[in-house]
Amino acid sequence: MKRMWRHLLFLTAALVLCMAAGNSAEGKVKVKKVTVKSNYGKIVHVAVGKKVKLTTTVKVTPNKAKNKKVTYKSSKKKVATVTAGGYVKGKKTGSCKITVTSKKNKKKKAKISVKVVKQVKSVELDTEEATVYVGATKNLKVTVLPASGSVKKVKWSTSNANVAKVSSAGKITGVAAGTATIKATSIEGSKKSASCTVKVLAANTINIESVQVLGPNAVRVTLDKARALMASQIVVEGKQYELGTYNRRYTIIQLRNYDNKTYDLTLDDNYSIAPDSFVRVSIVTLPGNGTKSLESQAVFVKTSTPPAEKWIGVVGEEMEAVVDLSEYCYGNVSYTVAGSIGGVNYKPRENTLVFTGQYTTVTVETVLTVTAEDELGNTVEKKIHVHVGNSTTVVSYAEDMTVLVGRSLDRASFAHAAGGSGKYTYAALHMPSGLTMNEDGTISGTPAGIGEYEVSVTVTDKQNTARTATAKAVIKVAEQKRVTGKVVDDSGKAVTGASVTCVHVDDGSTFQTTTDDTGAYSVYVAEGSYDITAEFANASDKVYNIAVSSGGRQIDFVLRHYQITPASPAAKTSRVPLLTG
């Protein structure tokens, strides 16, 4: 019996020692710090009706999961609630705080601010596709809507950090050649996002930057870096419809190289590029992983402003004039006219507007505004200034024009009159230095001062000096730039007497000359961009939208399907360096 009691006493003592040891072990748990972070920065942003997860860290020894347990509490449950798992849910817009407390040591806690905002409806990037070179950077701009009440911060991510990485501010850095998707995601729980496909180019990449159809047999290709090319390296294909296939291949018969970056391709005229059709240019030999093929639609539309017209006549005179704005429009054109002229009517014909009739009313100057609207809803306007005189009323107008400093003029058309006796004297004020007005309203001389001059012209009826009219026009005296080159046939022989015409793309100023017996030409023009045509008999060659700046320009032409004969006329150089539209 005594042994049994001794055994029980021993077991009890052992149990007490074990419990004491256990309590001693528990007493060694030490919570050092509790921290909590939001989904973005130091503040929790959560949308009404959405939830976000808190990231809580407990630094404790021993470093065991059971020692890291915490509790969460919201200071304003009507603004935001929090679950035992750390999910904060927005209830209504406003602010509150979430307190995180260690279960092992309630004195160890952390707080974080919560801002409940409007739910994000959309996230948009400024581009859906971007290109960046290895080692280069590009900034993406993000727009978060609604504009007010929502948090504008987003989380950036990349689908392949080995190709492109992105910073917290949306700055992309190219890492290696390839493609990656950059994504911007809202942070308040709505999970709205937008993405951009980024193509990272190798450092040696050269791209086709643009393809432009200049005319029925002319295509311009521009590279983003200089690269010497031959025609055999370039493939030009065509198709009629957007959904069609490229089943036509054009033959390049001439390649013009401008600084190894811009190339004008002249195509064989067996096939002409139809309006609104499509052209694809491919250069597979370009280095790197860039754009080696690019498509363009053949839209032959002028982008400049149509120049104004001036009509002049007398009462009783029959008139007919055609206004054609189709070159400035896409597809079919409809016309409207503001203003009217007595006795003159108009009607559409094809894509033009035809004016006909007999002047019945004197008008010193009436302005018609012709508006053309194309299939895409684009509109373009042209002003027409109409002057109608009669036997007792003189009317006049003068032409705006561009002349070249130091280049002589011989009776260039300038002032015009109608009405009265039909015989007039002309006097001009503020004429550029070196120019004089002739008795017939033309001007002659050699302009000396560069600038723009508003010239005032007074026209007086010779038989009745009481009958006068005034007109104003601007004469622009421009610095002369030289365009030179040679014109040959397709066997390389010089073409003598070929006409070379330079037409200013914007204002229509025209400068013309002819080739000498070596096929060479030299013509002076004002600074600007020009369409330049060389032609003789039925053969011609043309370049489009060629910039002529301080250094001038050299353009050579080939007149194909034309053979030189001994009877070719001798070359003569035009003395008239301009006529404006």
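See the structure printed just above.
Residues numbered from 1 in each chain as written. Predicted model: local features only at pLDDT ≥ 70, side-chain atom pairs only at ≥ 80, totals over all residues. Heavy atoms only, no water.

**Remarks on the overall build of the chain**
What the chain contains, in helices and strands, is one helix and 50 strands. For a compact globule of 581 residues, the expected C-alpha radius of gyration is about 25 Å, and the chain comes in at 41 Å, more than 25% above that figure. Out of the 581 residues in the chain, the part that is buried amounts to 40%. Sequence-distant contacts in the chain: of pairs separated by 6 or more residues, those separated by 24 or more amount to 61%. (Helix = DSSP H or I, 4+ residues; strand = E, 2+ residues; numbered from the N terminus. Rg over C-alpha atoms; globule rule 2.2 N^0.38 Å. Buried < 20%, exposed > 50% of the residue type's maximum accessible area, 1.4 Å probe, protein only. Contact = heavy atoms within 4.5 Å.)

**A few points about the sheet that holds strand β40 (residues 443-445)**
The strand order across the open sheet built from three strands is β36-β40-β39, with neighbouring strands paired in antiparallel fashion. At either end of the open sheet lies a strand with only one pairing partner, and these are β36 (409-412) and β39 (435-437). For this sheet, the mean angle separating the axes of adjacent strands, direction not counted, is 20°. In this structure, β39 lies alongside β40, joined through three bridges in antiparallel fashion. Paired with Thr436 across the bridge in β40 is Ser444. (Pairing = 2+ DSSP bridges. Axes fitted to C-alpha atoms, helices over the stretch in contact; angles between N-to-C directions.)

**Things to note about the environment of Thr515**
Relative to the assigned elements, Thr515 resides in the loop between β45 (510-514) and β46 (520-525). Here the alpha-carbon distance between Thr515 and Ser499, two residues 16 residues apart in the chain, equals 6.7 Å. Only 2.7 Å separates the side chain of Thr515 from the backbone oxygen of Val495, close enough to count as a polar contact. Of note is the side chain of Thr515, whose polar atom sits 2.9 Å from the backbone nitrogen of Gly497. (Polar contact = N/O pair within 3.5 Å; in protein donor to acceptor, adjacent residues only side chain to side chain.)

**Things to note about the layout of surface pockets**
The volume enclosed by the largest pocket comes to roughly 1100 Å³. Taken together, 42 residues make up the lining of the largest pocket; nearest its centre are Phe300, Val301, Lys302, Glu327 and Asp531. Taken together, the elements giving at least two residues each to the lining of the largest pocket come down to β19 (208-215), β28 (318-323), β44 (499-504), β47 (528-536) and β48 (539-548). Tallying contributions element by element places β19 first for the lining of the largest pocket, with four residues. Looking at the lining of the largest pocket residue by residue, the classes come out as 19 nonpolar, 13 polar and 10 charged. (1 Å grid on protein atoms, 1.4 Å probe; cavity = no way out; pocket = protein on both sides within 12 Å on 5 of 7 lines; lining within 4 Å. Points joined across faces, edges and corners; volume = space filled by probe spheres on them. Nonpolar A, V, L, I, M, F, W, Y, C, P; charged D, E, K, R; others polar.)

**Comments concerning the pairing of strand β7 (residues 87-90)**
Residues in a regular strand point their side chains to alternate faces of the sheet. Burial along β7 is one-sided: the face carrying Val88 and Gly90 is buried and the face carrying Tyr87 and Lys89 is not. The pairing of strand β3 (residues 51-53) with β7 spans three bridges and is antiparallel. Counted as the bridge partner of Lys51 is Lys89 from β7. Pairing geometry for strand β6 (residues 80-82) and β7, over three bridges, is antiparallel. When the sheet's bridge partners are listed, Ala80 is paired in β7 with Gly90. Hairpin connection of β6 to β7: four residues between the antiparallel strands, including Gly86 at a positive phi of 90°.

**Section: empty space enclosed by the protein**
Counting across every chain of the model gives one cavity of 30 Å³ or more. If you add up the space inside the largest cavity, you get close to 50 Å³. As for the largest cavity, its lining consists of Leu214, Ala218, Val219, Arg256, Asp264, Leu265, Thr266, Lys542, Val543 and Tyr544. Sorting the residues of the lining of the largest cavity by element identifies β20 (218-223), β24 (262-267) and β48 as the ones contributing at least two each. Residues belonging to the lining of the largest cavity are distributed by class as follows: six nonpolar, one polar and three charged.

**Some words on the side chain of Thr371**
Of note, Thr371 is situated in strand β32 (residues 363-373). Look at Thr371 and you get buried, because its relative accessible area is 18%. Apart from residues no more than four positions distant in its own chain, Thr371 is found in contact with Ser334, Tyr335, Thr336, Thr379, Val380 and Glu381.

**A short note on the pairing of strand β18 (residues 193-201)**
Of the strand pairs in this sheet, strand β11 (residues 129-133) and β18 are connected by five bridges, and their pairing is parallel. Looking at β18, one finds that Thr131 is bridged to Lys199. Looking at chain direction, strand β17 (residues 178-186) and β18 are connected through eight bridges and run antiparallel. Directly across from Thr185, in β18, lies its bridge partner Ser193. Hairpin connection between β17 and β18: a loop of six residues separates the two successive antiparallel strands, and Gly189 in this loop has a positive phi of roughly 100°.

**Some words on the environment of Ser102**
Note on placement: Ser102 falls in strand β8 (residues 94-102). When the C-alpha positions of Ser102 and Tyr72 are compared, they lie 9.3 Å apart, and in sequence the two are 30 residues distant. In this structure, Ser102 is in contact with Val31, Val34, Lys69, Val70 and Lys108, ignoring residues within four places of it in sequence. Polar contacts involving the side chain of Ser102 include one to the main-chain amide nitrogen of Lys104, which spans 3.2 Å.

**A few points about the sheet that holds β11**
Pairing within the open sheet is mixed, and its four strands lie in the order β11-β18-β17-β14. Sheet topology places β11 and β14 (154-158) at the edges, where each strand pairs with a single neighbour. Each neighbouring strand pair of the sheet contributes to a mean axis angle of 25°, computed without reference to strand direction. The pairing of β14 with β17 spans five bridges and is classified as antiparallel. Within β17, the position partnered with Ser157 by the bridge is Lys183.

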